[in-house]
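Residues per chain, in single letters:
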Amino acid sequence: MSAAFLAGVTAGYGVALPMGAIGVLIAGLSARTSLRVGAAAGLGAATADGVFAAIAVAGGAAVAGLIAPIAAPLRWVAAVVLLAIAAVTARAAFRKPGVAAVDRRPATPWRAYLGVLGLTLLNPATVVYFAALVLGRGGEGGGVLFVLGVLLASASWQLAIAGGGSLVGRWLTGPRGRAVTALVSSLVIAYLAVRLILPA
């Protein structure tokens, strides 16, 4: 197996494994809707990781330098989007069962994929992470094999999160269980959104 591919797999797991707001969102979507929707959301996050890895391989230090001045505004945008998602998720916890059944915008795999892809692309730290890895290897990112390794590693982890969320969803099928998971999910997402804009 290629060293560049293995480096990409390692980098992909390194960026995907920490359970952040995106992971909570993917698990929550699977729990509240279906595994198909959660898996599509997970693949959206993995696609964003692959895009960032490709940008880092192509641009390296130049990309990190371009993003640094706008990193703070991008974090604010991501935080606002996450807070909006938290609010919508919390509102769903208080809906009557009949209202949820006639939701005007039901979750679909395609919508989940695009939504999570867009949200994940708002995280400037990811491209800086990959750029640092590429630069740390003397500027040799490994090209396509590195990016493929990142994509496959991230996708496998995101799909595991979606599967876990779906399993939890099967255990908590009653109205009370769904309300509790929606509230917990919204609180965690809101907390992670605030963490984006507060100093470490």
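Scroll up to find the structure.
Residues numbered from 1 in each chain as written. Predicted model: local features only at pLDDT ≥ 70, side-chain atom pairs only at ≥ 80, totals over all residues. Heavy atoms only, no water.

Participant: Give a detailed account of the overall build of the protein chain, specifying residues and quantitative values.
Facilitator: Secondary structure summary: the protein chain contains 10 helices and zero strands in total. Along the protein chain, helices and strands appear, N-terminal first, in the series α-α-α-α-α-α-α-α-α-α. Looking at the protein chain alone, contacts between residues at least 24 apart form 89% of all its contacts between residues at least 6 apart. (Helix = DSSP H or I, 4+ residues; strand = E, 2+ residues; numbered from the N terminus. Contact = heavy atoms within 4.5 Å.)

Participant: Before we move on, could you go through helix α7 (residues 109-120) and cite the residues and values that matter?
Facilitator: An ideal rise of 1.5 Å per residue puts 16 Å on 12 residues; α7 measures up with 16 Å between its terminal C-alpha atoms. Residues Ala112, Tyr113, Val116, Leu117, Leu119 and Thr120 constitute the buried set of α7. Angular distribution of buried residues about the axis of α7 spans 165°; they occupy a single face of the element. (Expected span 1.5 Å × (residues − 1). Buried < 20%, exposed > 50% of the residue type's maximum accessible area, 1.4 Å probe, protein only. Arc of directions from axis to C-beta.)

Participant: Would you mind going over the side chain of Thr120 in detail, with residue names and values included?
Facilitator: Along the chain, Thr120 turns up in helix α7. Side-chain polar atoms of Thr120 contact the backbone oxygen of Val116, separated by 2.7 Å. When sequence neighbours within four positions are dropped, the list of residues in contact with Thr120 reads Ile22, Ala45, Ala48, Asp49 and Phe52. (Polar contact = N/O pair within 3.5 Å; in protein donor to acceptor, adjacent residues only side chain to side chain.)

Participant: Lay out a nonpolar patch on the surface with the relevant residues and their values.
Facilitator: On the surface, Val51, Ile55 and Leu121 cluster together into a nonpolar patch covering about 200 Å² of accessible area. Its location among the elements puts Ile55 in helix α3 (residues 35-59). (Patch = residues over 30% accessible without salt bridge, like charges linked within 9 Å, V, L, I, M, F, W, Y side chains within 5 Å. Areas by Shrake-Rupley, 256 points an atom, 1.4 Å probe, with all protein chains shown as cover. Salt bridge = Lys/Arg side-chain N within 4 Å of Asp/Glu carboxyl O.)

Participant: Just give me the short version of the nonpolar core, but keep the residues and values in it.
Facilitator: If you look at the biggest cluster of nonpolar residues, it comprises 18 residues, and the most contacted ones within it are Ile22, Ile26, Leu29, Ala41, Val116 and Leu119. Looking at this core, the elements with two or more residues in it are α2 (21-32), α3, α5 (71-93), α7 and α9 (143-171). With six residues, α2 is the largest single contributor of residues to this core. Ile22 has contacts with Ala45, Val116, Leu119 and Thr120, leaving out every residue within four places of it along the chain. (Core = buried A, V, L, I, M, F, W, Y, C linked by side-chain atoms within 4.5 Å.)

Participant: Go over the packing of aromatic side chains with me, naming the residues and quoting the values.
Facilitator: According to the stated counting rule, one finds one aromatic pair in the structure shown. Between Trp110 and Tyr113 the ring centres are 5.8 Å apart and the planes differ by 15°, which places this aromatic pair in the stacked class. Pair noted here: Trp110 and Tyr113 are both in helix α7, with a separation of three residues, about one helical turn. Relative accessible area serves as the criterion here: at 58%, Trp110 is assigned to the exposed category. (Phe/Tyr/Trp six-rings, centres within 6.5 Å; stacked < 30°, edge-to-face > 60°.)

Participant: An account of the environment of Arg36 is needed here, citing residue identities and associated values.
Facilitator: Within the fold, Arg36 resides in helix α3. Relative accessible area serves as the criterion here: at 64%, Arg36 is assigned to the exposed category. Through-space distance from the C-alpha of Arg36 to that of Ala112 is 9.5 Å; in sequence the pair is 76 residues apart.

Participant: Would you mind going over the environment of Ala58 in detail, with residue names and values included?
Facilitator: The residue Ala58 is located in helix α3 in this model. Each C-alpha atom of the pair Ala58 and Gly143 lies 7.9 Å from the other, and the pair is 85 residues apart in sequence.

Participant: Could you give me a rundown of the packing of α2 against α3, with the residues and numbers involved?
Facilitator: Where α2 contacts α3, the axes come no closer than 7 Å and their chain directions differ by 160°. With respect to each other, α2 and α3 are oriented roughly antiparallel. Handedness of the α2/α3 crossing: right-handed. On the side of α2, the interface is formed by Ile22, Ile26, Leu29 and Ser30, while α3 contributes Leu35, Val37, Gly38, Ala39, Ala41, Gly42 and Ala45. (Axes fitted to C-alpha atoms, helices over the stretch in contact; angles between N-to-C directions. Parallel < 35°, antiparallel > 145°, perpendicular 65-115°, else oblique. Left-handed = near helix turned anticlockwise from the far one by under 90°.)

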